Structures are given as C-alpha cells and as structure tokens.
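Spelled out from the first residue to the last, the chains are:
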Amino acid sequence: MIGFSHPLRRPDLLAALPVCLLAGLLFDSSAAGQTRQAPLSLRLVPKEIRLWEAGATQRFLLLGRYADGLERDLTSQAALSVTDPAVARLDREGKVAAVARGAATLTAAVKGLRAGAEINVTAAGGTRPFSFGREIGGILTKKGCNASDCHGSVKGKGGFKLSANALYPKEDYQWIVEGGVYQVLSPEPAGERQPRIDLKDPEKSLLLAKATLALPHGGGARLNPDSRDYLAILDWIREGADYGQEHDGTAARIRSLEILPRLVTLESGGTSQLIVMAHLSDGRREDLTDQVLYASNDSSLVEVSERGLVTGMQTGETAVVVRAAGQAASMGVAVIADPLPDYPEIPRRNTIDEFVFAKLRRLNILPSELSSDEEFLRRVCLDLTGTLPPPQRVREYLEDPDPGKRDRLIEVLLDSPEYVDYWTYRLADLFRVAMYSTGKLKNTRMYWEWIRDAVARNRPYDRIARERIGAQGYDGPSRHYYRLGGELPLPANMMAEQVRVFLGRRLDCAQCHNHPYERWSQDQFWGLAAFFGRISRIGQLGMDMIIIDDPAGHGQFGQGEQVIHPRTRQLVEPRFLDGRPLPEEQRTDLRMKLAEWITAHPYFAEAAVNRFWGYFFGRGLVDPVDDFRLTNPPSHPGLLRALAKDFRERGHDLKHLVRQIVQSRTYQLSGATNPGNRNDRVNFSRALPRPLDAEVVLDAISQVTGINEDFHHWDPGREPAGTRAINLVWPDVVPSHFLELHGRPNRQMIPERRAEASLGQALHRLVGETYTRKLSAEGGRLDRLLREQTSDGQVIEELYLSALSRFPAPGEKQELQQALASALSRREALEDLTWAIIATAEFASNH
C-alpha cells in the first residue's frame, strides 16, 4: 500500500497562504489540474510540420512532461516564434500558416525550457482540385448528418439517405442531386425523387434550408448561414453541383487518420487538445483537426468539444472516436486520480510486461504483488491443462527452493498429454465439433481427431486455419461442412463464421445492408460469401460424402448455393475484403484462395493472439475477443501489435504464444488488490477470478472426490469409464444436467460461454447428484482416507491440496479440527467438509 499526505492540503496552512501565492504553488499558469512542479521536458507535436501549399495551416501542441510521469498540454502558456516569417507565420488562431516555399523552425518556450519543430513549405501556389466526397462529404460528416443515428442509418431519416461517414460518395451524390427514398432490398429508389439541391435558387436547397432550420428539421440546426461550411455548400450548388475529380489515383484521398497525441492521460478537470492528421493517397499529410466529428464513448468520463478539446470528468478510461469523410479512428483517454509519489520500478520479464506496466505507470495504477507459489501452481495448471495438480505434486512444488521452478513447471505442462487434451477441447469448442451441428448429423470424430493431431504436433495456427477454411475431400476439417441430408450451410453463414473466428470481425450486419456502425459494406459481405458459392458434395447421403469446390461452377456434382446479391439480384463474383476480385484463372479452388488471403492478412494474427490472450485473462485486449471494431478499441494497442508481429515471425506457433503469456509477470500477478487497482478490470493490474468452464468444473469435482463421471448418450451407449468432460467428442449427444446448468454451449453457433451464477446452480449444489453421489460413493478419495484411518488434520490437508492447491491457513485448520471432533458422525462431517470446499467460489474459479 502506498499513501502520502500532501502538506499543502492541511487546512491551517492553506488558510495562511495568500491567494496569489497558493495559485502559483498549485498550478502552472491557468491550466486546471496541473501540479505545482515545473515540467521536466517539452516536446512539440507534430515534430515536423510539412505544408504543401500557400495558405495551408497546421495546428500543433506543446506537451510538457512532469515528475509524476504525466504529459500536460502547455500550448496556451507557451511563448512561440518562427525563425523565418517569409516562409511561415503564426495566424490568429495560433496555427502555423504557409507563406512561401522554404524551411523554418517553430520554437516554443515555457519556464526556461524550449522545444522546436521543423517547418517545411514545399509548394507555394496552385489550388487543390475539388472532390465532392472530400469537400461536401467531409462537411456532412463533421456535422453528424451522416451519423448512424441520422441520415447515415440503414434507411436514412426523413426520406433522405446518406452513407455513414461519406464512405460511398457516389451514392451520396446521387441521393443529394437526384433525390429518392432508399430501399434495403432494391437498388431502385422508392417514391417520387426530390433533389436536395436547387440549382435555380441555391439558397432554397433542402440540403441548406433544413440544416439551418429555415424549414423544419428533426435533426435540429446543423449549419449557421454565416459559417464557412454553409458557404462552401452554397458555392458548390451555385457552381453547378459538380461531382469533381474521381478517386482514380490523380485526386488525393484520405487513406487513414492519425490522432495526436497517441496517448492522453488527464486529471479530473484537466484538458488536452487533439490534433487529427489525414494521411493522403499521394503521400502528403494534412491537418483535419477542425474538419472532423469527435465523439466520446463515455461522456461521463471524458467530454470532447467540436474542436477536439478533451476534458477529463471523472476517473476512468474510455475512447474518443474521430470521423472524417470515408475514414474514422479512435484513441484512448484516461482520467486518473492524484499521481502516486515515488512510483516503484516494477520488474519485467518480457514484452508483455513492458507494455502493461508502462500503461499502469501512466494510469497511476500500482500492480499487485507477484502471486504466491500456491496461486501460480493452481492457475497455470488449470490454464494449460484444465486439470488440478494432485496433492503430492503440490507438496513437491511448494517445497522446491529452485527460483526457476515456475519456468520448469510451464515446460512440463506444455509437453504433457493433459495439455493436448485440454487444447483439443478448446479448439473443438471454437470449431464447433459436435454430432448435430445445426440439427444435422455429421461424422465429427474425424474432425476431432484432426484437431487433436494438430495440437499434439503444435501445427502452425495459420496452417490449421487454411485447412479448416479450404477443406476438401474426405478428411477431418471437411466434416465441418458436411450435413446428413445433402444440404450444405449457406455461403453467407459459412463466410461470416470464418471471418469471425479467424479475423475477429463480425460482418453479419452487412448481410442485408451496409453496416450502420462500421466500414463494412453489403458488397464486401457478399463478395466474401461468393468464395463459398461452389462448395458441393459428391457421393450418396452417408458418412462417406466428399466435399469439394466444384471447378465447373455451381451444382454440377451436388447442392451448391449460387451467391446472389440480395439488393441487386446479380450473381456475385468472389472479392476480397479490400474489393479486389479474384482473377478468373485462379477460381479453381475458391476457399483455399480465401484461406491464403485470410492467414496473410494482419487481422489474422491480431485476432489469434487476442483470442488466446482471452483464455488466460478472462478478457481480451479487445473484448469481446471476436468483436474488433472502431468503437471497441484494444486496451493496449501497442501490445496487440507487438504480439501479432511476434506471432507471425514465429510461424504462428501457438505454444510459443502461450509460453510468452504464462511466463510474463503480468500473468503471474496476485489476485490480491491494493487501493489503486481495486476497481481496475481492464488493464491487467491483478489477476481477476475467472469462472471455470462447466466441463473443467465437473472434471475437477470428479478429481477431488475420486469418483469419475458416468456419461451416457442419448441413444443406447455410454462413454468409456474414466472419460473426462473435456474429452467428449460429441458433447451434444451426452446429456448432463450439471453441464447445462453451468453454461455448456450446444456448439450450433460460435460458443459464447456465460458463467453467471443461477438459482439452478445453487439448488444443484445443494441436492444435485453430481455432489451427493460423489461425496458418499465407495472407492472415492474420502472413502479411501477413512479406510486408511487418516487423521482429521491430514484429511483436511488432503482435501485442501486436492481442491485448492494450498494448505489450510492455521486458523482454518484449527476451527475445522474442532468441528470434526465434536461431530456425531465423522464420515458425514467429512462429507460436509468436502462439499463445503467444492461448493466455494474459490474452487469453481481460476484466480
């Protein structure tokens, strides 16, 4: 625990100080929330200012770093100068403005410190060609007119439809110039077409009249008649409402947005200006700070003004989303409490720790201490093998003085048969291995054995993905596509699942229309779905059915599905997510071509490391793990990129990734909290308790009690004696009241396990057969200990070690021994003790 008392917070001292002196001690100039110390260093952002034409401007920030580790926006306090006013000058808004070709230096000074930035003006004449998408689309985006809750929604508003964020400027131009009501399932507009502009009387254009409330407008006033944006639209209409240059490579278009500074940390009430830079297709950068739409994901934590000024409201962390014409970006903003004095240096083991602990330092959060050997042993055994360590192994591990024993244990577990069992179960769950997938019988043992072989051989994950996506013939992964009855899954459904599993994106909303919140279009969705349009089957309706991509096209051998665009009613050709069509000469093996593209895409490695990270921490760097989107940014973007890069360079080696994670100090932190991280659930400052999967809990109960579960099938039959729940090949035909109560998914869709406690679980814990039969059964652990006349103290230790991987605390053991000594029936009392242990949250969770 770290605590401190600031001398200036004493009421008697505060009362004795003059107001002017107090203000000087507590604040730097007028900047709210800044500490009394002078900055240690300064830097200008951006560090290089490049202007491409006379009159072009660039906003900049002066950031000061303080002893508490924070950077604060000191721009308003700086003394500014430009070395050569003939090249560039400072305008009335404090921005650098280009005057003529040449080079100069911008200098900023605060409290005796200086920082500089280079200014380069590379052109001094000419005008930029007009582009409807960039100019008019940019204004509509900045004003929120094409937001998802306004005209950018699926059907638009008030009979007027725009593409979200001006993603599709040609369509926007058509709706504005020609009018019409948008239809989801038809490219033809409905009703009488009413243009939104009036070329004969431009001031009466609906586009302007409604936005200025000259006519009633449900969206309120969006433009001021005296504003630059209003006049820009009016001039465009007056000049004939031309579309301007096409985005054919000659007109510069926005490729991406960059938000500066990349990290913002504020105290409550503190402010910081953002700068938004556009990276253009011709290689230039342009300041768009005043031409974008800003939105906070949580305005109770962080507010952001129309001009990009961020204000911290209360402690917490959220994202600010920035939207420009055709592009969007987001960045994280944290609001912290009083900085900790003398923040300690935290030991770090690998790249994971570098990123996690650097962010915790920035957020003023002290991580928990390293976990105890007992905590680590149980946690890593469950995470790597889904199995509790036996009591004797717990004793041996805890007695081992070797400082390298954690790494040795990790290697033993990674090379164990239990590791193969557990990660076969994990991937079989993700890949939906089941007898009745969506209600249709299929031969899944071959599928399960393919997964097990891949895990046992540590087959590269990109190869696993390619084999699963592009599977043909009669082998393990091809059974993913097989259904008894001959029908095949719909191409749209097959594609959406593969993209969600292997790219971490949910495209489903784009199936019927352009995605209302993300950049995915309906055309992109169906272009990807077309890769599954030739999937067919050969053979009679039975287990020997062969799956192929029919090279001659749809349906020659079996029941393929022509991919028809639901809106245009046209046959869709296979196109990658970037819009590039697959060349005709390469269309003999469509799904394998898609598989190769998916596994080579940067999204693939990011999605993989994020999903596996989630297995070990209970949440992903992006959470949910398969929901990458603009408004759900990663908690640690740099770490995600670093892990993905390493994963690719290591040949998509899953064991290497897993080893990195469990060797990190981040993973090995204790679950015990300190005052600073008690409420942190997203920055990995401590181990969070994670409910065990239903199958793992059931196996653990069997292991502690020493009584195996007896699994029966729906049809006559049963699993071999000793079969564990995680080893069930066909879990959907093995009924289990316990597993259903504890959230076992049916694998008819991508599993989303829900671990919320329920009344059914509580009742089953009290009277369910899983507990009652196993506790009193002959031949179990307790029965053996009684027959061996083991002492009460030894029984207590045995139960604690087997279930919790720790010895009972001295107070626990003493109280339990006293209770057992006074019990009328020793057996019943020990059965009650066993039940009490396996019914605890400590037992049913990993922590």
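No experiment lies behind these values; they were computed from the predicted model shown.

Calculation notes
- Residues numbered from 1 in each chain as written.
- Predicted model: local features only at pLDDT ≥ 70, side-chain atom pairs only at ≥ 80, totals over all residues.
- Heavy atoms only, no water.
- Helix = DSSP H or I, 4+ residues; strand = E, 2+ residues; numbered from the N terminus.
- Rg over C-alpha atoms; globule rule 2.2 N^0.38 Å.
- Buried < 20%, exposed > 50% of the residue type's maximum accessible area, 1.4 Å probe, protein only.
- Contact = heavy atoms within 4.5 Å.
- Lys, Arg positive; Asp, Glu negative; His and termini not counted.
- Charge placed at Lys NZ, Arg CZ, Asp CG, Glu CD.
- Salt bridge = Lys/Arg side-chain N within 4 Å of Asp/Glu carboxyl O.
- Arc of directions from axis to C-beta.
- Pairing = 2+ DSSP bridges.
- Axes fitted to C-alpha atoms, helices over the stretch in contact; angles between N-to-C directions.

Scanning the protein chain from terminus to terminus reveals 27 helices and 28 strands. Relative to a compact globule of 847 residues, whose C-alpha radius of gyration would be 29 Å, the protein chain shows 32 Å and is just as compact. Each principal axis of the C-alpha distribution contributes one length, and for the protein chain these read about 95 × 90 × 50 Å. Counting across all 847 residues of the protein chain, residues that qualify as buried make up 53%. Contacts in the protein chain between residues far apart in sequence, at least 24 positions, make up 63% of those at least 6 positions apart. Taking the average location of the 106 positive side-chain charges in the protein chain and that of its 110 negative ones, the two points are 2 Å from each other.

Attention now moves to the pattern of salt bridges. With the rule as written, the count across this model stands at 73 salt bridges. For Arg 753, the salt bridge identified is with Asp 429, shortest N-O distance 3.2 Å. Here the residue Arg 753 occupies a position in the loop between helix H21 (737-741) and helix H22 (759-767), and Asp 429 occupies one in helix H11 (residues 417-430), the gap between them amounting to 324 residues. Two residues, Lys 813 and Glu 797, come together in a salt bridge whose shortest N-O distance is 2.9 Å. A residue pair is termed long-range when its members are at least 10 positions apart, and Lys 813 in helix H26 (residues 810-821) and Glu 797 in helix H25 (residues 792-804) qualify at 16 residues. For Lys 813, a relative accessible area of 23% puts it in the partly exposed group. Linked by salt bridges that have partners in common, Arg 426, Asp 429, Asp 693, Glu 695, Arg 747 and Arg 753 make up one network.

Taken together, the buried positions of helix H6 (residues 228-238) are Asp 229, Tyr 230, Ile 233, Leu 234, Trp 236 and Ile 237. When H6 is viewed along its axis, its buried side chains cluster within an angular range of 160° and face the same direction. Looking one or two residues beyond H6, the residue adopting positive phi is Gly 240, at roughly 105°.

On the basis of which strands lie adjacent, the open sheet formed by four strands has the order E2-E10-E9-E6 and mixed pairing. The open sheet has two free edges, formed respectively by strand E2 (48-51) and strand E6 (79-82), since each of these has just one partner strand. If you compare each strand with its neighbour and ignore which way they point, the axes differ by 20° on average. Across four bridges, the pairing between E6 and strand E9 (residues 102-110) is antiparallel. Bridge pairing links Ala 79 to Ala 109 in E9.

Everything listed here is a matter of coordinates, which is why it stays silent on function.
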